[in-house]
Amino acid sequence: MAKVRVDDLPGFPSLDSGDRENNNLLKSTTSAKAKKSGGFQSMGLSFELLKGITKRGYKVPTPIQRKTIPLILEGRDVVAMAKTGSGKSACFLIPMFERLKFRDPTKGARALILSPTRELAVQTYKFIKELGKFLELKTILVLGGDSMDSQFSAIHTCPDIIVATPGRFLHLCIEMDLKLTAIEYVVFDEADRLFEMGFGQQLNEILHRLSASKQVVMFSATLPKLLVDFARAGLSDPVLIRLDVESKLPEGLSLKFIYCRPDDRYTTLVILLKYVISQQAQTVVFVGTQHHVELVSYILTEYGISNTSVYSSLDPSARKINTAKFVNKKVSVLVVTDVAARGIDIPSLDFVINLHFPGKPKLFVHRVGRCARAGRTGTAYSIFSTDDLAHLLDLHLFLNRFFDINDSDSIGSVPQDLLEEEHSTVTEIKKHHNISGVLRTSENAYKKYLSSRPVASTDSNARVKKIKFYSLKPLEVFCNVTSKLNTDVPLNGEEGTEDMRKSQEEKHDLLLKMHNYKPQNSAPFVVMKEKRSQHTDIIKKYRTKMEELDKEEELKRVESKREGVTPAQEANEFDISAAFNKVVAPKKRQNTDHLYKEAKSKKQRKVCTRDTENYIPYESADKHTEDGLAINSFERQAMNAEFSVIDRDTNEVRHKAGLKKWDRIKKKMVAVQDPRAGKIRTESGAWIPCSFKTGRYNEWKEKSKIEEQLAKETASDDDTHFKQLSHEQRYPVSRHARHNAKVEAKKQAGVSGSKELRAPEQIVKSRMRLEFIKKRNAENATRKVENRKRSMRKYQRVQLAAKSGKGKKTK
């Protein structure tokens, strides 16, 4: 089948609200000769949905949208994988709108979207509002940290779509005893992140409460084994769509790596934001821990760079406000942790800076994927030091990029004069007493960050020792930056840039010569020269071997540039084939597992075995048991033994009192606690913490009187009231007579007007109305009091004037 370029596909025409444009649009879409198929109009979507898609600015579907949307519209369970910024959100929202179409408050929620973070859930909620602008569907947002009472009332409004985080949504399900059988469409957005954050138990419990006829859609950037096992167990005949094999990064993304000393990390960041990146550009700075967020924000504020920050322990409202400041371009820099590394879409983002190098290559992909989304361009700067060298090589191996230390366009250092100019200022800022505690905490946090970061591969650690990172040239982006120490007039044009490049190269060569300089008249030099003369042959062999290795690497680099690098296999094909019957992906790569196994079997050493039959040990195998030193003796094990048909993998095993285990920290035997202590059992049989059932919903029901209103549902029917009226009462003449007739009918039915069933919106509206009336009455009362006082003062002035006039007359 011939491949179709995206540029060759036709765009969808713009839509207006007028009837003339709508009629012309319908005529143009129905005529087969007017336009070729390939856009959203060829998918058979409704007119209101097409209008919202065009209003949002979408013209041509992306490759993942073209592959995924038709399968979801067929009702299939789909697991889709694609690179960041490829339009995965629209892949599950467009079929959802086409399936729901109209609002139906009698059924309740019909679609559920689960997101790993608050920011991603809010972004999905806003995207639903924009894309479904012309559809009458009600959407609510359920987030952790928000008021539960407002979420109770929101669920009672019978929404069509629920966008939630798994923890709070499961809390509401157990607290309110929700029946989710009406939900027919479930989306797991950033599914791999959901499992990485430990939401596996919540997801299984939520899936158990859903109906068997549901449609499940999962979108992810990677494919971990937990996700494959979950898809095999919870999805019915799923289809796997893999479009992440060819490229992991957006095409318009440019990667820059900057080498510096550990002490110059913050100085390098300041130089980038001050000299390279303009103040009008939008930049996201990723740091290792939340303690570094406050330190970096303080340093940038002292430099006069407008910034804001977002991290996990920040108050939810503050996170929302700070994110809105950056999106609305009130500030130019956003300092964040990895909480914003997944799924957040900032349209105007131009640059990403990794202040601390990530430990996992996949995390690096998600960080830098915040820019250059949906066909835009962007640049990602990554600052690395001596602690990150092996991880840098692992990243290039993961991205299938050749690591060339001589490529000054993508990897390099900062000019020494710039570092010297800004290093003293940054050091003075660090010495301020305002951030002394933050600085000390951030240093300890960085040590923890390095210890908890995944270890780099052994091959990368071995290769790092052969690479001379100290010989890195200054990065090309710094060539246009002129040092204020040498001249106050910036150099412009090609000649100025070339002069600056030459001067930087001369300085770099001079520093290398100084680094390689060895004194020839000192005593250590004479001793080493004599020692080397004794091992001349060994040194020659080593040098020739290293030269051969360098030549092989150079040949590999030339061949990889000429033929292209074959991407490495990431997922276990056996697990994928067992979970998915149909896989939509590019051409399969050659499986080299058998070659690896053969090579590994050749390298295996022979293990010495002993004859167990004729081998005589020094002591008997049960010596400790006979001496009474065993922790679990045979008599104790025999007394506790029992025959059970219960599955040992479940939590149904009965806990026995008196059991003990060895505690490695306390260095003694401690009692084994009951794993079900402080937990409650759900409908699926799982045991979850008791904090999910707090009784707040019952308190809210008593406060809002929602049950009394539902109990009077039969009395709210207006037809029952008017059946008891005569013809004169049904059709009274005046407005007051009609009102009196209705009140009289309700009295005859035994229901007063204040107890009739009302919708939650009516209840809220009536309460707001009463508050407004109370406030207005209070204002009127104060106004009357003031008027009365004013009139009293006026009367007293008149009386005083009259008395003074009479006194003059009598005189």
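Cut-offs applied
- Residues numbered from 1 in each chain as written.
- Predicted model: local features only at pLDDT ≥ 70, side-chain atom pairs only at ≥ 80, totals over all residues.
- Heavy atoms only, no water.
- Patch = residues over 30% accessible without salt bridge, like charges linked within 9 Å, V, L, I, M, F, W, Y side chains within 5 Å.
- Areas by Shrake-Rupley, 256 points an atom, 1.4 Å probe, with all protein chains shown as cover.
- Salt bridge = Lys/Arg side-chain N within 4 Å of Asp/Glu carboxyl O.
- Lys, Arg positive; Asp, Glu negative; His and termini not counted.
- Charge placed at Lys NZ, Arg CZ, Asp CG, Glu CD.
- Helix = DSSP H or I, 4+ residues; strand = E, 2+ residues; numbered from the N terminus.
- Buried < 20%, exposed > 50% of the residue type's maximum accessible area, 1.4 Å probe, protein only.
- Polar contact = N/O pair within 3.5 Å; in protein donor to acceptor, adjacent residues only side chain to side chain.
- Contact = heavy atoms within 4.5 Å.
- pLDDT = per-residue confidence, 0-100.
- Pairing = 2+ DSSP bridges.
- Axes fitted to C-alpha atoms, helices over the stretch in contact; angles between N-to-C directions.
- Right-handed = clockwise from strand over helix to strand, strands pointing away.
- Phe/Tyr/Trp six-rings, centres within 6.5 Å; stacked < 30°, edge-to-face > 60°.
- Parallel < 35°, antiparallel > 145°, perpendicular 65-115°, else oblique.
- Left-handed = near helix turned anticlockwise from the far one by under 90°.
- Nonpolar A, V, L, I, M, F, W, Y, C, P; charged D, E, K, R; others polar.

**Student:** Describe a positive patch on the surface, listing the residues and the values that go with them.
**Tutor:** Residues Lys789, Arg790, Arg793, Lys794 and Arg797 make up a contiguous surface patch of positive charge. Position of lysine 794 relative to the elements: it lies in helix 31 (residues 760-810). The exposure class assigned to lysine 794 is exposed, which follows from its relative accessible area of 54%.

**Student:** Just give me the short version of the side chain of glutamine 215, but keep the residues and values in it.
**Tutor:** Along the chain, the position of glutamine 215 falls in strand 6 (residues 215-220). Only 2.9 Å separates the side chain of glutamine 215 from the backbone oxygen of isoleucine 72, close enough to count as a polar contact. Side chain to side chain, glutamine 215 and arginine 99 meet in a polar contact 2.4 Å long. Ignoring any residue separated from it by four or fewer positions in sequence, one finds glutamine 215 in contact with Ile72, Gly75, Arg76, Asp77, Arg99, Glu184, Tyr185 and Val186.

**Student:** Give me the confidence of the model for the protein: which residues, what numbers.
**Tutor:** Across the protein, pLDDT averages 76, with 70% of residues at or above 70. Segment residues 644-652 is flagged for pLDDT under 50; beyond a separation of four residues in sequence, or across chains, it makes eight contacts in the model. Contacts for the low-pLDDT stretch residues 751-755, under 50 throughout, to residues beyond four places or in other chains number four contacts.

**Student:** Quick rundown of the sheet that holds strand 14 (residues 411-413)? Include the residues and the values.
**Tutor:** If you walk across this open sheet you meet the seven strands as 10-11-9-12-13-8-14, and the pairing is parallel. Looking along the sheet, the strands with just one partner apiece sit at the ends: strand 10 (307-310) and strand 14. Adjacent strand axes in the sheet meet at a mean angle of 25 degrees, parallel and antiparallel pairs treated alike. Pairing geometry for strand 10 and strand 11 (residues 333-336), over four bridges, is parallel. Looking across to strand 11, one finds that threonine 308 is bridged to leucine 334. Contacts from helix 11 (residues 265-276) reach strand 8 (253-259), strand 9 (282-286), strand 11, strand 12 (349-354) and strand 13 (378-384), with the element oriented near 155 degrees to strand 13. Strand contacts of helix 13 (residues 316-327): strand 9, strand 10, strand 11 and strand 12, with the helix running at about 140 degrees to strand 10, the strand carrying the most contacts.

**Student:** Please give an account of the pairing of strand 11 that cites residues and values.
**Tutor:** Across the two faces of strand 11 the burial is the same, with Val333 and Val335 and Leu334 and Val336 all buried. One ladder, built from four bridges, connects strand 9 with strand 11; its direction is parallel. Bridging from a neighbouring strand, threonine 283 pairs with valine 333 of strand 11. The parallel pair strand 10 and strand 11, bridged by helix 13, forms a crossover whose chirality is right-handed.

**Student:** Give me the lowdown on the pattern of salt bridges, citing residues and values where you can.
**Tutor:** All told, the structure shown has 17 salt bridges when counted by the stated rule. Taking the shortest distance from any N to any O, the salt bridge between lysine 274 and glutamate 422 comes out at 3.2 Å. Linking lysine 274 in helix 11 with glutamate 422 in helix 16 (residues 416-430), this pair joins segments that are 148 residues apart in sequence. Between aspartate 338 and arginine 367 there is a salt bridge whose closest N-O contact spans 2.8 Å. With aspartate 338 in the loop between strand 11 and strand 12 and arginine 367 in helix 14 (residues 361-368), this pair connects stretches of sequence that are 29 residues apart. The exposure class assigned to arginine 367 is buried, which follows from its relative accessible area of 0%. Among the charged side chains, a salt-bridge network with shared partners connects Arg103, Arg110 and Asp160.

**Student:** Please set out the packing of aromatic side chains residue by residue, giving values where relevant.
**Tutor:** Applying the stated criterion to the full structure yields 15 aromatic pairs. Aromatic side chains phenylalanine 152 and tyrosine 697 sit 5.2 Å apart centroid to centroid with 70 degrees between the ring planes, which places their arrangement in the edge-to-face category. In this pair, phenylalanine 152 sits in helix 6 (residues 148-155) while tyrosine 697 sits in helix 26 (residues 696-704), placing the two residues 545 residues apart along the sequence. Overall, the relative accessible area of 10% leaves tyrosine 697 in the buried class. Here phenylalanine 188 and phenylalanine 230 contribute two aromatic rings whose centre-to-centre distance is 5.7 Å and whose plane-to-plane angle is 85 degrees, an arrangement assigned as edge-to-face.

**Student:** Outline the pairing of strand 1 (residues 78-81), listing residues and values.
**Tutor:** Covered by surrounding structure in strand 1 are Val78 and Ala80 together with Val79 and Met81, the residues of both alternating faces. Both strand 1 and strand 7 (residues 239-242) contribute to a ladder of four bridges, which runs parallel. Residue pairing in the sheet places valine 79 in a bridge with leucine 240 of strand 7. For strand 1 and strand 6, the ladder comprises four bridges, and the chain directions are parallel. Note that in strand 6 the partner of alanine 80 across the bridge is phenylalanine 219.

**Student:** Run through unusual backbone geometry, naming residues and quoting values.
**Tutor:** Despite not being glycine, lysine 101 shows a phi value in the positive range, around 65 degrees. Mapped onto the elements, lysine 101 comes out in the loop between helix 4 (88-100) and strand 2 (111-114).

**Student:** Describe the side chain of threonine 117, and please don't skip the residues or the numbers.
**Tutor:** Position of threonine 117 relative to the elements: it lies in the loop between strand 2 and helix 5 (118-131). The exposure class assigned to threonine 117 is buried, which follows from its relative accessible area of 8%. For threonine 117, the side chain forms a polar contact with the main-chain nitrogen of leucine 120, separated by 3.4 Å. In this view, threonine 117 contacts Thr165, Met197 and Val339; residues no more than four positions away in its chain are not counted.

**Student:** Break down the packing of helix 11 against helix 16 for me, with residues and values.
**Tutor:** At a closest axis distance of 9 Å, the pairing of helix 11 and helix 16 adopts a crossing angle of 115 degrees. In terms of axis orientation, helix 11 runs roughly perpendicular to helix 16. Between helix 11 and helix 16 lies a crossing whose hand is right-handed. Along the contact surface, helix 11 presents Tyr266, Thr267, Thr268, Val270, Ile271, Lys274 and Tyr275, while helix 16 presents Leu418, Leu419, Glu421, Glu422, His423, Val426 and Lys430. Looking at side-chain class alone, the contact of helix 11 with helix 16 contains seven nonpolar, three polar and four charged residues.

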